[in-house]
Every structure is written in C-alpha cells, then in structure tokens.
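Residue-level listing of the chains:
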Amino acid sequence: MPPLAKLLPLLALLLLAIAPAHASVANAPGANLEVSLVTYGPGDIYWERFGHDAIELRDSVSGEAVNFNYGVFDFNEKNFFLNFARGRMHYLIDAESTGAEESWYVDVGRSITRQRLALTPEQAGALRDFLFWNLRPENAGYNYDYYVDNCTTRVRDALDKALGGIIRARLAAQPGGMSYRQQTDRLMSAQPWLMLLIDLGLGPYADQPMNAWSESFLPYELQANLRGIRVPDGHGGTQPLVRNEQLLSPNRLPVPPAQAPDLRLPLGMVGLAFAVALAATARRALRLHALLAMLYLLVAGLVGLLLLALWTLTSHHAAWYNANLLLFSPLAFLLLRAAWRARRGVAPSRFANTALVLQLAAVLFAALLHLLPGTVQQNQPWLLFALPVWLALAWSLRQPASN
C-alpha cells in the first residue's frame, strides 16, 4: 500500500475527532439541532415566585447546549427603581451554557424540567437564527410587562413563530383556568402582605377572562399547555409537539398552592372587627377612638394616592381604572381633623360632613358597581373590608359623645 494510502484512514479519524470542536449551535445545520423548553420552578424571592423558563438549543454532533432566556435585568441600570415604579422596565435576552445555568437552579433547590420539542430541521434552524438575531445589542432589549410581555411570553412567541403559529392557534381556542389576579394571588401567597398589596392595586384588567394562550404567560402553564399540542409529522399525520419530558432536578422549595386563596372571609372579618372597635370606643374611649379613626383615615388616604398615581402617572395598565379608589380615597385626609376633634366630643364641621357624605357615596357606588351586570373587577374582599369600617366611622363621627 503506498504511504499516502496508509495515511488516509488516520487523516479521516483525525478529521472526525476535531470536527465537533469546531461545530457549534451557531453554525450547526437544522437537522443537528435539538430544541427544548426548559422550565424552572418558583424561587423564594418575590420576583422568582412566577418561575422561569428558557429555550435550549443543543447541537447533537458537538454536544454544545445553549440556553436562551428573556429574564435578564440589572439593578444597577440608571434610574432602575424609578423606571420600575413607572412601569418602564427594561429587560434583555441572554444566552448561557446550559450546564452553567442549570447548576445554579439545582443549587438553590428550584426544579428543572426539559421538554424536547418536535421541530423540523427548517423550523429549528429558523428558531436558531431568530434567537441569535435577537441577541444582537440593538435587538436584545424589550419593555417588560408582567402579564403580556415577560420572559415566558417571549419564549412562547419565539416557539410559535418557528412553528408557523400552531401554538397560538391551538391555545387561543382553549379557555384558561384562572385570571391574572387569581394566578398572582396564588403564586404570591407565600408573602401575604405583598400579595394583599398587589391584589389591592390590580384593576379590572387583571380579572378579564383568559384563554390558554394568554394564561401561558406563566412558565408552568406554558409547559402544561404544550403537552396537548400536536404538529404535522411530515407524512400526512400528526405527532405530539413534546417528544419527551424529563425532570432533570426535583423541587426542594415549598410548592405554591393549586388555587388562589379566597380573601373574602379574612378581609371581611378584619373589616368587621375594626368597625366594631370603632363603634365600641365611640362613646367610652374617645381618645382611643380618635387614634383608631385617624389611623384608618391616614392609611386610606395614602392608599388612595397610590392607586391614583398608578392609574394616572405610570404604565402599569393592570392597575388602571381601579374601583378600589372609591373605597380608599384621598378624601380621607379631609376627615383627619374631624376624627381628632372627636376625642373631645366636638361634632364635625360642615366641610367634614360634606367630605364624609361624598366618601360614603363613593363606597356605596363601588358596591352598586360590583352588583351591576358586566362588572369585570373582582374586588369583593376589599368591599367587605371597607364598607363596615366606613359605616362605623360615619356613625361615630356624626354622633360624638363627651367624657
């Protein structure tokens, strides 16, 4: 055998050995790309309570795997907290080695589930090209919205785009299980005070009926909804979009409840108890009554200012048109002096009486509004809390007693 012929098999083996080192997700043909949805369970910190997800692209030849996720933000960004308060949150897409990213989630005890998806080579290549285009500095940023433009809706939309709109067509025809408010309360229930503040600040937008497409703003919902989708198999039939599903790491953190807590009874009981305290102290403990009344009025006024600011000064559209503004109004500030003077048995002034009548009218209108057909906002818990307190406050202020 000539010397060159002896070297050819060795040369072929060398080329096969070094080829994977040069191949990568960025330049692999679509036929070599494996596409997966990776879903991470909720974390302990409030911004982690909704969970997270990413698109994994894996080159079956080189073994390289990259996770693309849309959940990157920077606390050190200029005016970050001011922009956050105004509803102008700037988020980015990022790409990281799958191993490095998943090891962090394993360390903090958050579950990891991988769903390998049945994309054609053309679809996988198109998805890869889109994600790398999205990574360019001029395309990486987007204006984040908790419900309609977040890290999961971006993943959902990228997959839907690659599949030619199949995901949206299937999920838009299926009803959702909960509203934005219910999902938020459910996932934030581990931090009750924060859950109550968010629930108080949500307007009717959060109570609109959802379909499975819109409810897929949550990682777990998207993961569950993909299981029921079928795509063409290339032979005239269909096949499941999810080829296989694998739990890579179990959850070691408390699991959110399956249903949202019902806030009507607890808030109604607290409101009734506070109303009883106001009524009981109105004649026998005027100073204590004045302190309780002023505490409520101060909190109600501050909450009213916050709700008004969320509606008129921010881009948090889920907080607009909030009927809770009728229950907790800046009008409460106008009654502070009357509540303080009541400790000496002094009747409220005509000005305070007018403010009180207006506030009572607002509360009763909120109750009536909730009873009308077609009302969207589900704020019964706050109605049950505020109504008895305002009635007790009005009765006690208009009937002051002396020591």
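The sections below set out a description of the structure shown in this document. (Residues numbered from 1 in each chain as written. Predicted model: local features only at pLDDT ≥ 70, side-chain atom pairs only at ≥ 80, totals over all residues. Heavy atoms only, no water.)

Scanning the protein chain from N- to C-terminus turns up 15 helices and 9 strands. The globule rule puts the C-alpha radius of gyration for 403 residues at 22 Å, and the 29 Å found for the protein chain is more than 25% above it. The buried share of the protein chain, taken over its 403 residues, is 45%. Restricting the contact set of the protein chain to residue pairs at least 6 apart, pairs at least 24 apart contribute 76%. For the protein chain, the computed accessible surface area is about 20200 Å², with 64% contributed by carbon and sulfur atoms. Of the side chains in the protein chain, 32 bear a positive and 29 a negative charge, and the two mean positions are spaced by 15 Å. (Helix = DSSP H or I, 4+ residues; strand = E, 2+ residues; numbered from the N terminus. Rg over C-alpha atoms; globule rule 2.2 N^0.38 Å. Buried < 20%, exposed > 50% of the residue type's maximum accessible area, 1.4 Å probe, protein only. Contact = heavy atoms within 4.5 Å. Areas by Shrake-Rupley, 256 points an atom, 1.4 Å probe, with all protein chains shown as cover. Lys, Arg positive; Asp, Glu negative; His and termini not counted. Charge placed at Lys NZ, Arg CZ, Asp CG, Glu CD.)

Let's shift gears to the packing of aromatic side chains. Inspection of the entire model under this criterion finds 23 aromatic pairs. Look at Tyr-296 and Phe-385: their rings are 6.4 Å apart centre to centre, the planes differ by 45 degrees, and that puts the pair in the tilted class. On the criterion of sequence distance, the pair formed by Tyr-296 in helix α12 (residues 286-312) and Phe-385 in helix α15 (residues 380-398) is long-range, its members being 89 residues apart. For Tyr-296, a relative accessible area of 7% puts it in the buried group. According to the relative accessible area criterion, Phe-385 is buried, its value standing at 14%. Centroid distance Tyr-296 to Trp-390: 5.4 Å. Interplanar angle 75 degrees. Geometry classified as edge-to-face. You can see Tyr-296 sitting in helix α12 and its partner Trp-390 sitting in helix α15, a full 94 residues away along the chain. We note that Tyr-296, like Trp-390, is buried. Of the aromatic side chains, those joined through ring pairs into one cluster are Tyr-46, Trp-47, Tyr-70, Phe-73, Tyr-91, Tyr-142, Tyr-144 and Tyr-146. Between Arg-156 and the ring centre of Trp-213, over which it is positioned, the NZ or CZ distance is 3.8 Å. (Phe/Tyr/Trp six-rings, centres within 6.5 Å; stacked < 30°, edge-to-face > 60°. Lys NZ or Arg CZ within 6 Å of the ring centre and 35° of its normal.)

Once that is clear, we can look at the environment of Ala-277. If you trace the backbone, Ala-277 turns up in helix α11 (residues 264-284). For the pair Ala-277 and Val-389, spaced 112 residues apart in sequence, the C-alpha to C-alpha distance is 9.4 Å.

Topologically, Thr-98 is positioned in helix α3 (residues 98-107). Of the polar contacts made by the side chain of Thr-98, one reaches the side chain of Asn-67; its length is 2.8 Å. Among all residues touching Thr-98, those that are not within four sequence positions of it are Glu-56, Arg-58, Ala-65, Val-66, Asn-67 and Arg-114. (Polar contact = N/O pair within 3.5 Å; in protein donor to acceptor, adjacent residues only side chain to side chain.)

Looking now at the pattern of salt bridges. Inspection of every chain in the model, using the stated rule, returns 12 salt bridges. When salt bridges with common partners are traced through the structure, they connect Glu-56, Arg-58, Glu-102 and Arg-114 into a single cluster. (Salt bridge = Lys/Arg side-chain N within 4 Å of Asp/Glu carboxyl O.)

Two elements in contact, α12 and α15, have axes separated by 12 Å at closest approach and are oriented at 135 degrees. Classified by the angle their axes make, α12 and α15 are oblique. Of the two elements, α12 crosses α15, and the hand of that crossing is left-handed. Note on element contacts: α15 touches α12 through Phe-385, Ala-386, Val-389, Trp-390, Leu-393 and Ser-396, opposite His-289, Ala-293, Tyr-296, Leu-297 and Ala-300. (Axes fitted to C-alpha atoms, helices over the stretch in contact; angles between N-to-C directions. Parallel < 35°, antiparallel > 145°, perpendicular 65-115°, else oblique. Left-handed = near helix turned anticlockwise from the far one by under 90°.)

The subject of this paragraph is unusual backbone geometry. Phi is positive for Tyr-321, close to 55 degrees, though the residue is something other than glycine. By the secondary structure assignment, Tyr-321 is in the loop between α12 and α13 (336-341).

Here we take up the environment of Ser-315. Note that Ser-315 resides in the loop between α12 and α13. Judged by its relative accessible area of 33%, Ser-315 falls in the partly exposed class. Ser-315 has contacts with Arg-86, Gly-87, Arg-88 and Trp-320, leaving out every residue within four places of it along the chain.

The sheet built from 7 strands is open, its strands ordered β6-β4-β3-β2-β1-β5-β9 with antiparallel pairing. With partners counted over all chains shown, the strands left at the sheet margins are β6 (141-144) and β9 (242-249), one partner each. Each adjacent strand pair in this sheet contributes to an overall mean axis angle of 25 degrees, direction not counted. On top of the sheet, α3 reaches β1 (33-40), β2 (52-59), β3 (65-72), β4 (89-97), β5 (112-117) and β9; it is set at about 110 degrees to β4, its chief contact. Across the sheet, helix α5 (residues 151-162) touches β1, β2, β3, β5 and β6, and the angle it forms with β2 is around 40 degrees. (Pairing = 2+ DSSP bridges.)

A cluster of nonpolar side chains, contributed by Ile-45, Tyr-46 and Trp-47, occupies part of the molecular surface with about 290 Å² of accessible area. Locating Ile-45 in the fold gives a position in the loop between β1 and β2. On the basis of relative accessible area, Ile-45 is assigned to the partly exposed category, the value being 34%. (Patch = residues over 30% accessible without salt bridge, like charges linked within 9 Å, V, L, I, M, F, W, Y side chains within 5 Å.)

Another aspect to go through is the side chain of Gln-377. Tracing the backbone shows Gln-377 in the loop between α14 (350-371) and α15. With a relative accessible area of 5%, Gln-377 lands in the buried category. Within the structure, Gln-377 has its side chain in polar contact with the side chain of Asn-322 (distance 2.8 Å). Residue contacts for Gln-377: discarding those within four places in its chain leaves Arg-181, Leu-202, Gly-203, Pro-204, Asp-207, Tyr-321, Asn-322, Ala-323, Asn-324 and His-370.

The next subject is the pairing of β3. Among the 8 residues that make up β3, 6 are buried, leaving the element largely enclosed by the rest of the structure. Inspection of the sheet shows β2 paired to β3 by 4 bridges, in the antiparallel sense. Bridge pairing links Ile-55 to Phe-68 in β3. Between β2 and the antiparallel strand that follows it, β3, lie 5 residues; Gly-63 among them carries a positive phi value of about 85 degrees. Across 5 bridges, β3 lies against β4 in antiparallel orientation. Looking at β4, one finds that Asn-67 is bridged to Glu-96.

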